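# Close look at the chain arrangement
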Amino acid sequence: MSEMRLVVVGAAGRMGRALVRAVAEIEGARVCAAIERSGSEFLGQDIGELAGVGTLGVAVTDDALSAFAAADGVLDFTAPVASLEFAELAAQARIVHVIGTTGWAEDEDKPLFAAARHARIVKSGNMSLGVNLLAALVKKAAQALDADFDIEVLEMHHKHKVDAPSGTALLLGEAAAEGRQIPLAEHSVRSRDGITGARKSGDIGFATLRGGSVIGEHSVIFAGEGERIELTHRAEDRQLFAKGAVKAALWAFDKKPGFYSMADVLGLND
Ligand SMILES: NC(=O)C1=CN([C@@H]2O[C@H](COP(=O)(O)OP(=O)(O)OC[C@H]3O[C@@H](n4cnc5c(N)ncnc54)[C@H](OP(=O)(O)O)[C@@H]3O)[C@@H](O)[C@H]2O)C=CC1
Ligand SMILES: O=C(O)C1=N[C@H](C(=O)O)C[C@H](O)C1
């Protein structure tokens, strides 16, 4: 089979550059285009040079439409508004769209389901094997423990991160809620300040820390009377997410149009 041609959108960002490095390392794919927004200081620069893998002969452009028309897939770690636009273009081009973007408002990602009638979309708040395995463990633990165990999700990220709670924290919260067979939206507590009153039984709490260069750390705490279970994942390298995204694109290459998760890619739903 010929190499999968991948467009990296948001290519000059932290994840964009990590994705270009990951594609360079993984067999079966190559970067065919690199996209940044109109007016970006990076337009015209070689994306291989920016990512530190040497000249690739691929200059950063703002012409996503032409790039998608000549590609097999898109790697997208940008922002929700941008990812919605890219999903429409990916659907028009009938290609693979891997979405790692987080920070979605409630229901903001619904248009992606329409796009998935034509595109093969893989979307996840975390593309690493470790976190997706952790989510499966969290679901099991929540199934096994009754509501006497209070569930709290704690996360820490670098100081540049713009959204909270992280996509991963929400994914883990969803896993816990699924395990308990309750809707997360009706039980999540995303912040506490002042006289909050005692904790309500059955709530799933989120706590957010930001600072320095932390790549991504998540703990799910099950706090009972006299005992506490803590399940933790620590990402030490952004390449972890980038490699997962490339793996997802290659996996989706021969799949039917549809909406897939990283758990599908990793076979954790089998
Ligand atoms: N699912 C996962 O495994 C992971 C997800 N993420 C998520 O990925 C996203 C990006 O993170 P990160 O790389 O750190 O952020 P950065 O800000 O470093 O990169 C985002 C890039 O996307 C660009 N961008 C934004 N809007 C557009 C647009 N309309 N057209 C073209 N380019 C655009 C930005 O350009 P500009 O600066 O001009 O806005 C920037 O270059 C976040 O939502 C983050 O939470 C991160 C790591 C792992
Ligand atoms: O913004 C980041 O950096 C990360 N974002 C994702 C998230 O919101 O969970 C994944 C990872 O933790 C890094």
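Residues numbered from 1 in each chain as written. Chains lettered and ligands numbered in written order. Predicted model: local features only at pLDDT ≥ 70, side-chain atom pairs only at ≥ 80, totals over all residues. Heavy atoms only, no water.

The name that an unreviewed UniProt entry assigns to the protein is 4-hydroxy-tetrahydrodipicolinate reductase, with the source organism given as Roseibium polysiphoniae. Checking UniProt for the protein, the heading Sequence similarities (unreviewed entry) contains the comment "Belongs to the DapB family." The record in UniProt for the protein states the following under Function (unreviewed entry): "Catalyzes the conversion of 4-hydroxy-tetrahydrodipicolinate (HTPA) to tetrahydrodipicolinate." (UniProt positions renumbered as here; feature names shortened; annotations may be inferred.)

Strands sit in the order S8-S9-S7-S10-S11 across an open sheet of 5 strands; the sheet is mixed. Each edge of the sheet is formed by a strand with only one pairing partner; in this case those strands are strand S8 (188–189) and strand S11 (228–235). As judged from the 7 bridges shared by strand S7 (residues 150–157) and strand S10 (residues 216–223), these two strands associate in the antiparallel manner. Within the sheet, the bridge partner assigned to Asp 150 lies in S10 and is Ala 223. Across the sheet, helix H6 (residues 129–144) lies against S7, S10 and S11, angled at about 170 degrees from S11, the strand it touches most. (Pairing = 2+ DSSP bridges. Helix = DSSP H or I, 4+ residues; strand = E, 2+ residues; numbered from the N terminus. Contact = heavy atoms within 4.5 Å. Axes fitted to C-alpha atoms, helices over the stretch in contact; angles between N-to-C directions.)

Sheet architecture is open: 7 strands sit in the order S3-S2-S1-S4-S5-S6-S12, paired in parallel fashion. Both outer strands of the open sheet, strand S3 (60–61) and strand S12 (258–260), are each paired with one neighbouring strand and no more. As defined by bridge partners, strand S2 (residues 29–35) adjoins S3 across 2 bridges and the pair is classed as parallel. Looking at S3, one finds that Ile 35 is bridged to Thr 61.

Moving on, we get to the pattern of salt bridges. Using the criterion set out here, one finds 14 salt bridges in the structure. The shortest N-O distance in the salt bridge between Asp 72 and Arg 5 comes to 3.0 Å. Here Asp 72 is found in the loop between helix H3 (64–69) and strand S4 (73–76), whereas its partner Arg 5 is found in strand S1 (residues 4–9), with 67 residues between them in sequence. Look at Arg 5 and you get partly exposed, because its relative accessible area is 29%. One network of salt bridges, in which partners are shared, links Asp 150, Glu 152, Arg 192 and Arg 199. (Salt bridge = Lys/Arg side-chain N within 4 Å of Asp/Glu carboxyl O. Buried < 20%, exposed > 50% of the residue type's maximum accessible area, 1.4 Å probe, protein only.)

Close to ligand 2 lie Thr 102, Gly 125, Asn 126, His 157, His 158, Lys 161, Ser 166, Gly 167, Thr 168, Ile 215, His 218 and Phe 241, which account for all nearby residues. Note that an oxygen atom of ligand 2 is positioned 2.8 Å from one of the side-chain N or O atoms of His 158. Here ligand 2, which alone exposes 320 Å², has 85% of that area covered by the protein. When atom positions are compared with the pocket grids, ligand 2 is found to occupy the second largest pocket. Residues of the shell around ligand 2, tallied by class, amount to 2 nonpolar, 9 polar and 1 charged. (Near = heavy atom within 4 Å. Polar contact = N/O pair within 3.5 Å; in protein donor to acceptor, adjacent residues only side chain to side chain. Areas by Shrake-Rupley, 256 points an atom, 1.4 Å probe, with all protein chains shown as cover. 1 Å grid on protein atoms, 1.4 Å probe; cavity = no way out; pocket = protein on both sides within 12 Å on 5 of 7 lines; lining within 4 Å. Sits in = over half its atoms within 2 Å of the grid points. Nonpolar A, V, L, I, M, F, W, Y, C, P; charged D, E, K, R; others polar.)

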